[in-house]
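The lines below spell out each chain.
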Amino acid sequence: MALLFRTHLRLARTSIRENRTRSFLTCLGIAIGIASIILILSLTGSISRLISNEVYDIGTDLIVVRPSTTKDEVTTIIEELTTANSFQTSNLSLGDVTTIKGLSAVTAAAPIATTSNTITVDDNTIPSATILGTTPDFIKIEPLAISTGAFLSNKNPDTSIVLGHSISIDLFNTPNSVGKTIEFYGKRFIVVGVLEHIEETINFDNIDFDHTIFMNMSALSEAIPSAQIQQINVKVDSTDTLSAIAESIEAALTINNSGDTNFTVSYGGQIAHPASSLLNIVTGMLTLVAGISLVVGGIGVMNIMLVSVAERTHEIGIRKAVGASSYNILMQFILESLILSISGGFLGILLGYTFAFLISIITPFTPYISWEAIAITFLTTVAIGLIFGVYPALKAAYKRPIDSLRHFR
Amino acid sequence: MSETVIELKGLTKRYGYGDTESFALKDFDLTVKRGEFIMIMGPSGCGKTTLLNIIGLLDRPTYGEYELNGEDVAGISARRQAHLRAKKIGFVFQNFNLIEDISILENVALPLVYIKQPSTIRLKNASNALDRFHLQEKEYYFPGQLSGGQQQRVAIARAIVADPEIILADEPTGNLDSRSSHLVMEELKAIHEEGNTIIMVTHNPTLTVYATRVINMLDGHIDTDIKTVEDHNLPQPVSVKFNKKHKKKRRKH
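Residues numbered from 1 in each chain as written. Chains lettered and ligands numbered in written order. Predicted model: local features only at pLDDT ≥ 70, side-chain atom pairs only at ≥ 80, totals over all residues.

Student: Hey, could you run me through the overall build of chain B in this one?
Tutor: Across its full length, chain B carries seven helices and ten strands. Relative to the globule expectation of 18 Å for 253 residues, the C-alpha radius of gyration of chain B, 18 Å, shows essentially globular dimensions. In terms of principal-axis extent, the alpha carbons of chain B reach across some 55 × 55 × 35 Å. Intrachain contacts of chain B at a sequence separation of at least 6 include 71% that bridge at least 24 residues. (Helix = DSSP H or I, 4+ residues; strand = E, 2+ residues; numbered from the N terminus. Rg over C-alpha atoms; globule rule 2.2 N^0.38 Å. Contact = placed C-beta atoms within 7 Å.)

In C-alpha cells:
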C-alpha cells in the first residue's frame, strides 16, 4: 500500500510538472483564497490581541460596568451596528458612579459618555469630533500621559476641556493649545491640558483618545441632557479579589436602580469581550467572503482535474489493461488534486503572511501568526483537494478499459 | 500432456437488445493448452477482438464459462480481474499503447507497479526485459523517440515482464512495415519457444507459419481449427516443472 502510494505520488508529481503553467494557475486559485483567509485571521487576531494586552497592561485592578446586553447574540450586535450610536440605551447615572466610589475597595471610578459634534476653530473644521464626558478620576484609571497643562480637575471650572494630541494639532495647528478656547454646544470651553501622543488607537473603551475632546460629565449633561453614561471604569485596591468587589458593585447598583439589573459588571478577560465579539462577527463575515473565493479555487482544481482525466483517457486504458484496478486509478487522480490544492494552500499561507507583514509596516497592526489558523487552512485545503478531486477521479476510475483504449490522443 | 490454461464453454457476447441484437460471439468453445501459439484469423467483425478482450479480462461475456488456470473468472469482481490482468495476462496491441509521458523503462515496469514490486526491483526486472530485446541502451528514451518496430518490442517486453500465463496480441504487426513485422514475429517466436502461451489475432495469412494452431473465425464462432503441432510436442516452460516439484515439496512439509 505504502509502496503504491509512493508510486502514485511520483506519477502525480510528473503529471503536475508536465503541465506547469496549468498547475501553477490552479494552485494560484487556491492560494488567493487561502491568502485572504490568512490575512483576515492574522489582522483580526492582532486587533483582539491588542485589546486583551491593553487590559492586561492596565492591570488586574480594573472593573468595568456597562449597560446590560445579551452580548453574545449576533442579532443584538448587528442591530447596534445599524444604529448611528454604537452604544445602547443606558441606565447608568452619575449617582451610580458616586455609589461605586463610596465602596470600600474602590480607589477611583470614572464614567464614559461619548458623543460627537462638528468643531470649528478659525479655519479648521473637524466634522465629527469625539467628545468624551467623564470625571477627573478618569486619568487615575486610564494610563494617559499629559504633555502640557493638566487633566480635568474639580478645582478648574466646569468649562475646562482636555484635548488629545492629534486633535489639538488639527484644531490649533499646535500641540500647545493650553489656554485657547473652543466654542461648541453654545458655550465657550477652555483648553486646560493636552495629552501626549498615543500610538495605539485600539483599546477596550473603543475610543481613539488621540482624537478626543475630554470634558466634564456635568458640563456634557448640561449641554446635552440626553447624554448617557455608556461605561463606568472602576479602579480597585488589588488586595481584595476582583470577583468579590464586582459582586459588591453589582449589589450596590441594584439597590441604586431599585432592583433593576440591566447592567453588567466585568473584570479581567471579560472586559475585552464586547469589542472582541463584534470583531468575531466581522472576522466571520470576512472569512465567509474569502471562503467563497476558496470554493471558486476548488472549482478550478476540479476543472483542471476533469481536463486532465479527459486528456489521459488513453493512458487510463493502458494502465487498466496492464493491471491497474479502479481503486489504483482513483488514488492516482485524488493524490494529484490533493497535491494541487495543498501546494496552493502552502503558497497561500506564505502569500497571506507576506501581505500581513507588508500591511503592518504602514498600520499599527502586528501580524498575528497562530498555529490554529495555519492548521485550519491546511485542513481546508486537504478538504478542498478531496471534495473537488473525488468526482474527476471517480470519472477516471470507472472508465471501461476497452473504451479508453480505443480513445486516441 | 500439456496443461490446460484457458477453457471457454458456450461463451456468448451479445450487443444490443431486440431488433438491434447482434452476437459478437455465439456459443464459443475453446481450450488452450500451455505452450500453444494460436493465430486467430477471420474477416472484420467476426468477433476476434471481442474474444481477445474477454480472454484478457477487459470485457465480460454476456454468458458462458471461462476458466483461467482452473479458476472460474467469468463472474469475478473488477478488482480481482485487474489483479489477474496484472499477474497472468500480457497484452500486445496493434498501436503499441505505450504511455508517451514516461520513459520506456517505466512503461515496461508498469505491470509490476500493480503487483506491488518495490521500485528498485521493478526497474531492474524491466531493464532485464528490455535487454532481451536489445533496447537496454534506450531505457530512458520516451516512446515517441523510437521507431514503430522498437515501440512494439517495448510493448512485448512489457507484456512478458510480469511472467504471465498467456500473452494476447491483437494484430501486433498491423502498424509495422515488413522488416519490423518480421523482427517482432521472431521475438514472439522466441518467447513462445520458451514455453509461453500466445494468442494472436491477425489478418496476415503469411504469419501463420509461426503458429502451432490456426483458428478461422466466422460470425462469432469457429469456422476451421487446425493444429500443426501435437499437444505433447508443445514447448513447455522450464519453470513449470520446477514449480510443480516445489509445490509438492511444500505440501509434504
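Student: Explanation requested: the domain arrangement of chain A in the structure shown.
Tutor: Bring the parts together and some accessible area is lost; that lost area is often taken as the interface size. Per the domain assignment, the segments of chain A are domain 1 (2-50 + 278-406) and domain 2 (92-261). Relative placement of domain 1 of chain A and domain 2 of chain A: their C-alpha centres are 52 Å apart. (Domains from an automatic or database assignment.)

Student: I'm lost on the environment of A:Val192 in this one. Help?
Tutor: Residue and element names in this part refer to chain A. Counting through the fold element by element, Val192 comes out in strand E7 (residues 187-195). Taking the C-beta count within 10 Å as the criterion, Val192 has 22 such neighbours and is therefore assigned buried. Along the primary structure Val192 and Thr99 are separated by 93 residues, whereas in three dimensions their C-alpha atoms are 28 Å apart. When near neighbours in sequence (up to four residues on either side) are disregarded, Val192 contacts Gly149, Ala150, Asn156, Ser160, Ile161, Val162 and Val178. (Buried ≥ 20, exposed ≤ 12 C-beta atoms within 10 Å, placed from the backbone.)

Student: Just checking my understanding: could you explain the interface of chain A and chain B for this structure?
Tutor: Taken together, the contact pairs 20 residues of chain A with 21 residues of chain B. Of all the secondary-structure elements, those providing two or more residues to the side of chain A that touches chain B are helix H1 (2-18), helix H10 (313-321), helix H11 (326-362) and helix H13 (401-406) of chain A. Class assignment for the residues of the side of chain A that touches chain B results in ten nonpolar, six polar and four charged. (Nonpolar A, V, L, I, M, F, W, Y, C, P; charged D, E, K, R; others polar.)

Student: I would appreciate a short explanation of the environment of A:Asp170 in the present structure.
Tutor: Residue and element names in this part refer to chain A. Locating Asp170 in the fold gives a position in helix H6 (residues 165-172). In this structure the C-alpha to C-alpha distance between Asp170 and Thr125, which are 45 residues apart in sequence, comes to 8.3 Å. Among all residues touching Asp170, those that are not within four sequence positions of it are Asn124 and Ile126.

Student: Explanation requested: the sheet that holds strand E4 (residues 63-68) of chain B in the structure shown.
Tutor: Two pairing modes exist for strands in a sheet, parallel and antiparallel, and in both the strands are linked by backbone hydrogen bonds. Residue and element names in this part refer to chain B. In space, the four strands of this open sheet follow the order E2-E1-E4-E5, with antiparallel pairing throughout. Both edges of this open sheet fall to strand E2 (22-33) and strand E5 (71-72), since each of them pairs with a single strand only. Across two bridges, E4 lies against E5 in antiparallel orientation. Bridge pairing in E5 links Leu68 to Glu71. (Pairing = 2+ DSSP bridges.)

Student: Honestly, unusual backbone geometry in this entry has me stumped. Any pointers?
Tutor: Where the residue is not glycine, phi is negative for most of them; where a peptide bond is considered, it is trans in most cases. Residues and elements named next belong to chain B. Of note, Leu57 is a non-glycine position whose phi angle comes to about 60 degrees, a positive value. Of note, Leu57 is situated in the loop between helix H1 (48-55) and E4. A positive phi angle is found at Asp219, which is not glycine, with a value near 45 degrees. As for its position among the elements, Asp219 is in the loop between strand E9 (213-218) and strand E10 (221-227).

Student: What's the story with helix H12 (residues 371-397) of chain A in this structure? I'm lost.
Tutor: Residues lying three or four places apart along an α-helix face the same way, a consequence of the helix completing one turn every 3.6 residues. The terminal C-alpha atoms of H12(A), which comprises 27 residues, lie 37 Å apart, in line with the 39 Å expected from a rise of 1.5 Å per residue. Three or more residues of H12(A) are buried, namely A:Thr377, A:Thr380, A:Thr381, A:Ile384, A:Gly385, A:Phe388, A:Gly389, A:Pro392, A:Ala393, A:Ala396 and A:Ala397. (Expected span 1.5 Å × (residues − 1).)

Student: Any chance you could explain the pairing of strand E6 (residues 181-184) of chain A here in plain terms?
Tutor: Residues in a regular strand point their side chains to alternate faces of the sheet. All names here are of chain A. Across four bridges, E6 lies against E7 in antiparallel orientation. Paired with Phe184 across the two strands is Lys187, which belongs to E7. In textbook terms, the turn of a hairpin is the stretch between consecutive antiparallel strands, and for E6 and E7 this stretch comprises two residues, one of which, Tyr185, has a positive phi near 55 degrees.

Student: Explanation requested: the sheet that holds strand E3 (residues 37-41) of chain B in the structure shown.
Tutor: Residues and elements named next belong to chain B. Overall, mixed pairing links the six strands, which are arranged E6-E7-E8-E3-E9-E10 in an open sheet. If you trace the sheet from one side to the other, it starts and ends with strand E6 (89-92) and E10, each paired once. Going across the sheet, the axis of each strand differs from the next one's by a mean of 15 degrees, ignoring polarity. Relative to E10, E9 runs antiparallel, the two sharing six bridges. Note on E10: the bridge partner recorded for Val214 is Ile226. On top of the sheet, helix H5 (residues 148-160) reaches E6 and strand E7 (166-170); it is set at about 170 degrees to E6, its chief contact. (Axes fitted to C-alpha atoms, helices over the stretch in contact; angles between N-to-C directions.)

Student: Would you explain the pairing of strand E3 (residues 124-134) of chain A in this entry?
Tutor: Residue and element names in this part refer to chain A. As paired strands, strand E2 (residues 106-121) and E3 are joined by eight bridges and run antiparallel to one another. Bridged to Val121 within E3 is Asn124. Linking E2 back to E3 in an antiparallel pair, the connection comprises two residues, with Asp122 at a positive phi of about 50 degrees. Sheet topology note: the E3/strand E8 (residues 212-216) ladder contains five bridges and is parallel. Within E8, the residue paired with Leu132 across the bridge is Phe214.

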